[in-house]
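Close look at the chain arrangement
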Amino acid sequence: MKKQFPLAIVFIAGMIFIVQFFSPAFTPIQERFTHWYIVVAVFAFVLGLANLTRLNLQKIHRQQEGWIYSIPLLIGLAGMALCSFIFGIEEGPFVWLFNNMMLPMSATMFSLLAFFVASASYRAFRARHKEAVMLLVAAVIVMLGQVPIGSAGFMEHLRLSDITQWIMAYPNMAGQRAIMIGAALGVVAISLRILLGIERAYLGED
Amino acid sequence: MPKRKGGIPTLTSKAPTAGLLSVMVALFVFSLVPTVTWGQPAPRPPTNLQGEDFPLDDGRRIQLTWALSPDDREGGLVEEYILLRSTKEEGPYTELPYSIPLGSDSYVDSGEVDENGVTVVEEPRNNIKFYYKIIALGKGGVRSEECLIDGPVVATRQWFHPGRVNMLVASIVLSLLILFFIWQASLGKELYIRPLAGLEAVQEAIGRATEMGKPVLFIPGIMDMDDIQTIAGVTILGRVARMVAEYDADILVPCSRSLVMTIASEVVREAYLDAGRPDAFKPDNIRYLTDDQFGYVAGVDGIMLRERPAANFYLGTFYAESLILAETGASVGAIQIAGTAMPSQLPFFVAACDYTLIGEELFAASAYLSKEPKQLGSLVGQDWGKLIFLLFIIIGSIIAIFNQLNPDLISIKSWFEIQ
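Residues numbered from 1 in each chain as written. Chains lettered and ligands numbered in written order. Predicted model: local features only at pLDDT ≥ 70, side-chain atom pairs only at ≥ 80, totals over all residues. Heavy atoms only, no water.

Considering the pairing of strand 11 (residues 216–219) of chain B
Residue and element names in this part refer to chain B.
- Every second residue of strand 11 is oriented toward a common face, with Val216 and Phe218 on one face and Leu217 and Ile219 on the other, all of them buried.
- Pairing analysis gives two bridges linking strand 11 to strand 12 (residues 251–255), with the strands arranged parallel. Its bridge partner being in strand 12, Leu217 is matched across the sheet by Leu252.
- For strand 11 and strand 14 (residues 311–315), the ladder comprises four bridges, and the chain directions are parallel. Looking at strand 14, one finds that Phe218 is bridged to Phe313. (Buried < 20%, exposed > 50% of the residue type's maximum accessible area, 1.4 Å probe, protein only. Helix = DSSP H or I, 4+ residues; strand = E, 2+ residues; numbered from the N terminus. Pairing = 2+ DSSP bridges.)

In structure tokens form, the structure reads like this:
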């Protein structure tokens, strides 16, 4: 029963979503299920918050490695929550903290990507075998084809921007579509396995 | 003092008290007249208001069309239109708070919900007769005469979407193929599954972590449980966690969604239970970090640098954070196995990870790792589905080439369009 009940819920909910795609009359039921999902997610959010708070308090208490970072985390968590409860989320200190602390910190993390792209490209473009050589050549053409220097001086005659467009529109697009088609088939297969209860790893059963 | 001839008589020519009284009376009379209509001509009304059931829905929408007011033009008298609705022809009519700009000659009435989710206007109900009126609103709020709809409109629900027959056929064919091979596998028939290098390496990666005495880090993407890639990631987590439990290693699962954390926690707990080692399960290792994309990246990078995991798994939906995670993982010397169906992130994983599961391989991974015949059968069905798609692509390409030469020959494009 412990396994059959969740399997039955999965089957019914999954079938409703599938049937709704082909029968618009089932849209209200599907919307009802979506609302239930949101309710469940809200309860799970409380669990997530409790988990985060407990683990960081524990870390401070035990003075584990990096415990000092848990203090600003908890202060930030409580501070933002208090600001939103007292002053609202449309204006006031919550918005100020969000715009002047959250956004710059997120932007800082995002900007690291530039450096990681350089290091990953260096590793990927080492011409160790013929596929890597092809990748390197294509990447150099596409890079040069998208910057002004690619059409400056003698390189104008190479028509790199035209070659770039061709690479992006045909080989690249074909590859992306192949991945998407394969993924769609994979989605059908895994959905069937889950709906029919063949795939039960998420319930901890082989 | 010369008397003013003609014009407006001056009030001050009488006693001051009587003049003041006259002013007050005049102001009172003016206040009774709607100030909005003062001095503004009413626009001519729109005409020919028609309504019909909105096609292919669940009977909660009505499509309305009308002929524009002759004053609906640039610099004209019309500012916007107002719709009124009733369930009886004689009324009373409720004004709908939709703002329909000038130049619009149609509208879909589907009710309205404000930003807090509160219903402002109820949606039209299925199989109920509705009557509508439309009014043109002029400058200063002057209203035109009303234009009543010609007869009631009824919203009806549709039980089948004819524009999705092709999708239904494809789904049935694929499902039957997969079910056929699952059935074949359950009969004990030997099925060939092509080896996937990334999945062959899972055991090796966990073994390495065990030997080094370091944890395994598993990241099920950054999306929630309504994303199929996250579901695939969580099913793989079940298999990986079981191996980790059997090898007596540790697994860390930082999550960016609290619902994923809750489910991942249960999955890992059950995996330890199945492996016969419930005492080794550490609930604190499955933790929620934050919903914020880059806050999560910072948190996971911190875990990688502190805990130095020996094996990293990135299986699920990833966006811009993919490369930051994978490069940090590479810098701490972990074996890295990634899998996603996001085409834009795959190159980053290919560049920075040791093994990458591309698209469908992510969805096949759990079945592949289970080695269970029924699950493997579904993979064979999936491969046959791919073959059918391949044939369609080849046939479609040939027809498209002939179509370029003679457009009247045959057009199959509409067969593949989904509404």
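Observations concerning the domain arrangement of chain B
- The assigned domain composition of chain B is domain 1 (47–154), domain 2 (161–181 + 376–419) and domain 3 (191–371).
- A C-alpha centroid distance of 53 Å is found between domain 1 of chain B and domain 3 of chain B. (Domains from an automatic or database assignment.)

With respect to the packing of helix 2 (residues 27–62) of chain A against helix 5 (residues 258–274) of chain B
- Contact geometry of helix 2 of chain A with helix 5 of chain B gives a least axis separation of 7 Å together with a crossing angle of 75°. Compared by their axis directions, helix 2 of chain A and helix 5 of chain B come out roughly perpendicular. Note on element contacts: helix 5 of chain B touches helix 2 of chain A through Ser258, Leu259, Met261 and Thr262 of chain B, opposite Tyr37, Val40, Ala41, Ala44, Phe45, Leu47, Gly48 and Asn51 of chain A.
- Taken together, the residues that form the contact of helix 2 of chain A with helix 5 of chain B break down as eight nonpolar, four polar and no charged. (Axes fitted to C-alpha atoms, helices over the stretch in contact; angles between N-to-C directions. Parallel < 35°, antiparallel > 145°, perpendicular 65-115°, else oblique. Contact = heavy atoms within 4.5 Å. Nonpolar A, V, L, I, M, F, W, Y, C, P; charged D, E, K, R; others polar.)

Some words on the interface of chain A and chain B
- Across the contact, 62 residues belong to chain A and 78 residues belong to chain B.
- The tally of links from chain A across to chain B stands at three salt bridges.
- Glu31 of chain A is the partner of Arg60 of chain B in a salt bridge, and the nearest nitrogen-oxygen pair spans 2.8 Å.
- The tally of links between chain A and chain B comes to 22 residue pairs in polar contact (both at pLDDT 80 or more).
- Taken together, the elements giving at least two residues each to the side of chain A that touches chain B come down to helix 1 (4–22), helix 2, helix 4 (93–124) and helix 6 (160–195) of chain A. (Salt bridge = Lys/Arg side-chain N within 4 Å of Asp/Glu carboxyl O. Polar contact = N/O pair within 3.5 Å; in protein donor to acceptor, adjacent residues only side chain to side chain.)

Some thoughts on the nonpolar core
Residues and elements named next belong to chain B.
- Within the largest apolar cluster, 61 residues are counted, with the highest numbers of intra-cluster contacts made by Val202, Phe218, Val240, Ile251, Val253, Val268 and Phe313.
- Ranked by the residues each element gives to this core, the list is headed by helix 4 (residues 228–247), at nine residues.
- Residues within four places of Val240 in sequence aside, it is in contact with Val202, Ile206, Phe218, Ile251 and Phe313.
- Counting residues in hydrophobic clusters, the runner-up holds 27 residues, among them Leu252, Phe294, Ile303 and Ala326. (Core = buried A, V, L, I, M, F, W, Y, C linked by side-chain atoms within 4.5 Å.)

Concerning the sheet that holds strand 12 of chain B
Residue and element names in this part refer to chain B.
- With parallel pairing, the six strands of this open sheet are ordered in space as 13-12-11-14-15-16. Sheet topology places strand 13 (286–288) and strand 16 (355–358) at the edges, where each strand pairs with a single neighbour. The sheet shows a mean angle of 15° between the axes of neighbouring strands, direction not considered.
- Two elements, strand 15 (residues 335–340) and strand 16, share four bridges in a ladder whose sense is parallel. Looking at strand 16, one finds that Gly339 is bridged to Leu357.
- Packing of helix 6 (residues 293–307) onto the sheet brings it into contact with strand 11, strand 12, strand 13 and strand 14, and relative to strand 12 it is tilted by some 160°.

A closer look at empty space enclosed by the protein
Residues and elements named next belong to chain B.
- Scanning the entire structure with this criterion turns up three cavities of 30 Å³ or more.
- Taken as a whole, the largest cavity encloses approximately 120 Å³ of empty space.
- What lines the largest cavity is Tyr192, Ile193, Arg194, Leu196, Glu360, Glu361, Ala364, Tyr368, Leu379, Val380, Gln382 and Asp383.
- Of all the secondary structure elements, the ones that give two or more residues to the lining of the largest cavity are helix 9 (360–370) and helix 10 (373–405).
- Partitioned by chemical class, the residues of the lining of the largest cavity number seven nonpolar, one polar and four charged.
- Here the lining of the largest cavity spans two domains, since at least three of its residues come from each of domain 2 (161–181 + 376–419) and domain 3 (191–371). (1 Å grid on protein atoms, 1.4 Å probe; cavity = no way out; pocket = protein on both sides within 12 Å on 5 of 7 lines; lining within 4 Å. Points joined across faces, edges and corners; volume = space filled by probe spheres on them.)

Here we look at the layout of surface pockets
- In this structure, the second largest pocket encloses a volume near 2000 Å³.
- Lining of the second largest pocket is provided by 50 residues; of these, Leu52 and Leu73 of chain A together with Leu289, Thr290 and Gly295 of chain B occupy positions nearest its centre.
- Every element with two or more residues in the lining of the second largest pocket is listed here: helix 2, helix 3 (70–87) and helix 4 of chain A together with strand 13 and helix 6 of chain B.
- In terms of residue count, helix 3 of chain A provides more of the lining of the second largest pocket than any other element does, 12 residues in total.
- Its residues assigned to classes, the lining of the second largest pocket comprises 27 nonpolar, 14 polar and nine charged.

Examining the pattern of salt bridges
Residue and element names in this part refer to chain B.
- Under the defined criterion, the tally for this structure stands at 22 salt bridges over all chains.
- One salt bridge connects Glu360 with Lys386, and the closest N-O pair in it is separated by 2.4 Å. Within this pair, whereas Glu360 is found in helix 9, its partner Lys386 is found in helix 10, the two being separated by 26 residues in sequence.
- Using a relative accessible area of 12% as the deciding quantity, one classes Glu360 as buried.

A look at the domain arrangement of chain A
All names here are of chain A.
- Along its sequence, chain A is organised into domain 1 (1–87) and domain 2 (125–206).
- The C-alpha-based centres of domain 1 and domain 2 are spaced at 34 Å.
- Taken together, the contact pairs eight residues of domain 1 with eight residues of domain 2.
- When the two sides are added together, the surface that domain 1 and domain 2 hide from each other amounts to roughly 660 Å², 76% of it contributed by carbon and sulfur.
- One can count zero salt bridges joining domain 1 with domain 2.
- The interface formed by domain 1 and domain 2 contains zero residue pairs in polar contact (both at pLDDT 80 or more). (Buried area = accessible area lost by both parts, 1.4 Å probe.)

Details of the sheet that holds strand 5 (residues 106–109) of chain B
All names here are of chain B.
- If you walk across this open sheet you meet the three strands as 1-2-5, and the pairing is antiparallel. With partners counted over all chains shown, the strands left at the sheet margins are strand 1 (47–53) and strand 5, one partner each. Direction aside, neighbouring strands of the sheet carry axes that sit 20° apart on average.

Remarks on the packing of aromatic side chains
- Summed over the entire model, instances satisfying the criterion amount to 16 aromatic pairs over all chains.
- Ring-pair connections join several aromatic residues into one group, and the members of that group are Phe180, Phe181, Trp183 and Trp384 of chain B.
- Lying across the ring of Phe21 of chain A, Arg164 of chain B places its NZ or CZ 4.1 Å from the centre. (Phe/Tyr/Trp six-rings, centres within 6.5 Å; stacked < 30°, edge-to-face > 60°. Lys NZ or Arg CZ within 6 Å of the ring centre and 35° of its normal.)

What about the packing of helix 4 of chain B against helix 9 of chain B?
Residue and element names in this part refer to chain B.
- Viewed as axis vectors pointing N to C, helix 4 and helix 9 meet at an angle of 25°, and their least axial separation amounts to 8 Å. Put simply, helix 4 runs roughly parallel to helix 9. You can see that helix 4 and helix 9 cross each other, and the crossing is left-handed. Where helix 4 abuts helix 9, its residues Ile228, Gln229, Ala232, Thr235, Ile236, Arg239 and Met243 lie against Leu362, Phe363, Ala365, Ser366, Leu369 and Ser370. (Left-handed = near helix turned anticlockwise from the far one by under 90°.)

Details of a nonpolar patch on the surface
- Nonpolar side chains collect at one region of the surface, where Trp384, Leu387, Leu390, Leu391, Ile394, Ile395, Ile398, Ile401, Phe402 and Leu405 of chain B lie side by side and expose about 1000 Å² of accessible area between them.
- Relative to the assigned elements, Ile398 of chain B resides in helix 10. (Patch = residues over 30% accessible without salt bridge, like charges linked within 9 Å, V, L, I, M, F, W, Y side chains within 5 Å. Areas by Shrake-Rupley, 256 points an atom, 1.4 Å probe, with all protein chains shown as cover.)

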